[in-house]
Amino acid sequence: MYPNLEGKVVVITGAGTGLGRAMAERFGAEKAKVVINYFKEDEDVQSIIETIEKAGGSGSAIQGDVTKEEDIKRMIAHAVNTFGSLDIMVNNAGIENEVPSEDLTLEDWNKVISTNLTGQFLGCREAIDYMLENKIKGSIINMSSVHQEIPWPHFVHYAASKGGVKLMTETLALEFAPHGIRVNCIAPGAIDTPINAEKFDDPELKKGVVELIPMGYIGKPEEIAACAVWLASSEASYVTGLTLFADGGMTQYPGFQAGKG
Ligand code: BGC
């Protein structure tokens, strides 16, 4: 547990489901004040708020689309109006879809880039602007992927967006380090979340993914949430521009295991 997170105000985009939800609940367990941005009206945000409140934190939900500048502004304003500040911004909302690159439409390319990269930029920009104006030494966490490093055929738009998140994170870390604003990213591997449900419900497909993971299992959302609270806490006070890989070893060239090569 990280006692200095108690009472801190955190905005998490795409927190109605998956990794965002797990992070929202973990920040709640740290007794933080959590703004849960969700996208689809059918996401059960009320139960997330209940979990957070039971743990001693506070939660408040706001619908919004990260590709829309005015929605991001509304999320930050909601945090300030409801909880009085903004200390931590987690740019998590992301999408992916499989398409061979020769068939990838401009529409699909734009959709993924504008959610995964432009949406994260807007979240960074608005949070940083607020933190500068209010002299807050805040923490920004962007959600990348192992595919900021590993090329991924049929997911060229996704891989390009995550490669962009990496260099955006490093550039912003450098730019705002003098103000004490830390900017880091987490790069998850294969995690058991709804975005992957179809793939992991199919035993053959799941086996193919597990073979790429030296630790031999699909990660749990809580294992990513644990990275987020550490990065946001004062325990990581000297850490900025980092990509924290949480991937069971996926980026360590699993093909070379057992002395191959
Ligand atoms: C993707 C997953 C994929 C994993 C490993 C993640 O970024 O969201 O769908 O299984 O990378 O390839």
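Residues numbered from 1 in each chain as written. Predicted model: local features only at pLDDT ≥ 70, side-chain atom pairs only at ≥ 80, totals over all residues. Heavy atoms only, no water.

K.L.:
Help me out: how do you make sense of the overall build of the chain in this one?
P.N.:
Scanning the chain from terminus to terminus reveals eight helices and seven strands. Expected size for 261 residues packed as a compact globule is a radius of gyration near 18 Å; at 18 Å, the chain falls within 12% of this value. Seen along its three principal axes, the alpha-carbon backbone of the chain occupies a region of about 55 × 40 × 40 Å. Counting the 261 residues in the chain, one finds 50% classified as buried. (Helix = DSSP H or I, 4+ residues; strand = E, 2+ residues; numbered from the N terminus. Rg over C-alpha atoms; globule rule 2.2 N^0.38 Å. Buried < 20%, exposed > 50% of the residue type's maximum accessible area, 1.4 Å probe, protein only.)

K.L.:
Help me out: how do you make sense of a negative patch on the surface in this one?
P.N.:
Together, Asp 192, Glu 198, Asp 201, Asp 202 and Glu 204 give the surface a local cluster of negative charge. One can find Glu 204 in helix α7 (residues 203-210). (Patch = residues over 30% accessible without salt bridge, like charges linked within 9 Å, V, L, I, M, F, W, Y side chains within 5 Å. Areas by Shrake-Rupley, 256 points an atom, 1.4 Å probe, with all protein chains shown as cover. Salt bridge = Lys/Arg side-chain N within 4 Å of Asp/Glu carboxyl O. Lys, Arg positive; Asp, Glu negative; His and termini not counted. Charge placed at Lys NZ, Arg CZ, Asp CG, Glu CD.)

K.L.:
Honestly, the nonpolar core in this entry has me stumped. Any pointers?
P.N.:
Membership of the largest hydrophobic core comes to 35 residues, with the highest contact counts inside it found for Ile 12, Phe 27, Val 34 and Ile 36. Sorting the residues of this core by element identifies β1 (9-12), α1 (18-29), β2 (33-38), α2 (45-54), β4 (88-91), β5 (139-143), α8 (221-232) and β7 (243-246) as the ones contributing at least two each. It is α8 that contributes the most residues to this core, seven residues altogether. Those residues in contact with Ile 12, other than ones at most four positions away along the chain, are Gly 20, Met 23, Ala 24, Phe 27, Val 34, Val 35, Ile 36, Asn 37, Val 90 and Asn 92. Core analysis: the second largest hydrophobic core is formed by 27 residues, Cys 124, Met 131, Ile 136 and Ile 181 among them. (Core = buried A, V, L, I, M, F, W, Y, C linked by side-chain atoms within 4.5 Å. Contact = heavy atoms within 4.5 Å.)

K.L.:
Just checking my understanding: could you explain the sheet that holds β7 for this structure?
P.N.:
The strands that make up a sheet pair up through hydrogen bonds in the backbone, lying either parallel or antiparallel. On the basis of which strands lie adjacent, the open sheet formed by seven strands has the order β3-β2-β1-β4-β5-β6-β7 and parallel pairing. Two strands in the sheet have a free side with no partner beyond their single neighbour: β3 (58-63) and β7. Within the sheet, the average angular offset between the axes of one strand and its neighbour, ignoring direction, is 20°. The sheet contact formed by strand β6 (residues 182-188) and β7 spans four bridges and is parallel. (Pairing = 2+ DSSP bridges. Axes fitted to C-alpha atoms, helices over the stretch in contact; angles between N-to-C directions.)

K.L.:
It is not clear to me how the site of the ligand should be interpreted in this structure. Could you clarify?
P.N.:
As a matter of local geometry, the ligand sits amid Glu 96, Ser 145, His 147, Trp 152, Tyr 158, Gly 189, Ala 190, Asn 196, Lys 199 and Met 250. Glu 96 has a polar side-chain atom sitting 2.5 Å from an oxygen atom of the ligand. One of the side-chain N or O atoms of His 147 is found 2.7 Å from an oxygen atom in the ligand. Alone, the ligand offers 310 Å² of accessible surface; in the complex the protein occludes 92% of this. Along the lines of polarity and charge, the residues of the shell around the ligand split into four nonpolar, four polar and two charged. (Near = heavy atom within 4 Å. Polar contact = N/O pair within 3.5 Å; in protein donor to acceptor, adjacent residues only side chain to side chain. Nonpolar A, V, L, I, M, F, W, Y, C, P; charged D, E, K, R; others polar.)

K.L.:
How should I be thinking about the environment of Pro 151 in this particular structure?
P.N.:
One can find Pro 151 in the loop between β5 and α5 (156-176). Taking relative accessible area as the criterion, Pro 151 reaches 66% and is therefore assigned exposed. A C-alpha to C-alpha distance of 9.6 Å links Pro 151 and Gly 163, two positions 12 residues apart in sequence.

K.L.:
It is not clear to me how the side chain of Asn 116 should be interpreted in this structure. Could you clarify?
P.N.:
Counting through the fold element by element, Asn 116 comes out in helix α4 (residues 106-133). According to the relative accessible area criterion, Asn 116 is buried, its value standing at 0%. When neighbours within four sequence positions are excluded, Asn 116 is seen to be in contact with Ala 93, Gly 94, Ile 95, Tyr 158, Ser 161, Lys 162 and Val 165.

K.L.:
What should I look at first to understand helix α3 (residues 69-83) in this one?
P.N.:
Since the α-helix packs 3.6 residues into each turn, any two residues three or four apart lie on the same face. Taking 1.5 Å per residue as the helical rise, α3 with its 15 residues ought to reach 21 Å, and the 21 Å between its terminal C-alpha atoms agrees with that figure. On the buried face of α3, the contacting elements are β1, β2, β3, β4 and α4. (Expected span 1.5 Å × (residues − 1).)

K.L.:
Sorry, what's going on with the pairing of β6 here?
P.N.:
Put simply, side chains in a regular strand alternate between the two faces of the sheet. With seven of seven residues buried, β6 lies mostly within the body of the structure. Burial along β6 is two-sided: Arg 182, Asn 184, Ile 186 and Pro 188 facing one way and Val 183, Cys 185 and Ala 187 facing the other are all buried. Strand direction decides the pairing type here: β5 and β6, joined by five bridges, are parallel. Within the sheet, the bridge partner assigned to Met 143 lies in β6 and is Ile 186.

K.L.:
What is the right way to look at the pairing of β2 in this model?
P.N.:
Most of β2 is tucked away: five of the six residues are buried. Judged from the four bridges that link them, β1 and β2 form a sheet pairing that is parallel. Within β2, the position partnered with Val 11 by the bridge is Val 35. Once you follow β1 into α1 and on to β2, the crossover reads as right-handed. Crossover handedness for the path β2 to α2 to β3: right-handed. (Right-handed = clockwise from strand over helix to strand, strands pointing away.)

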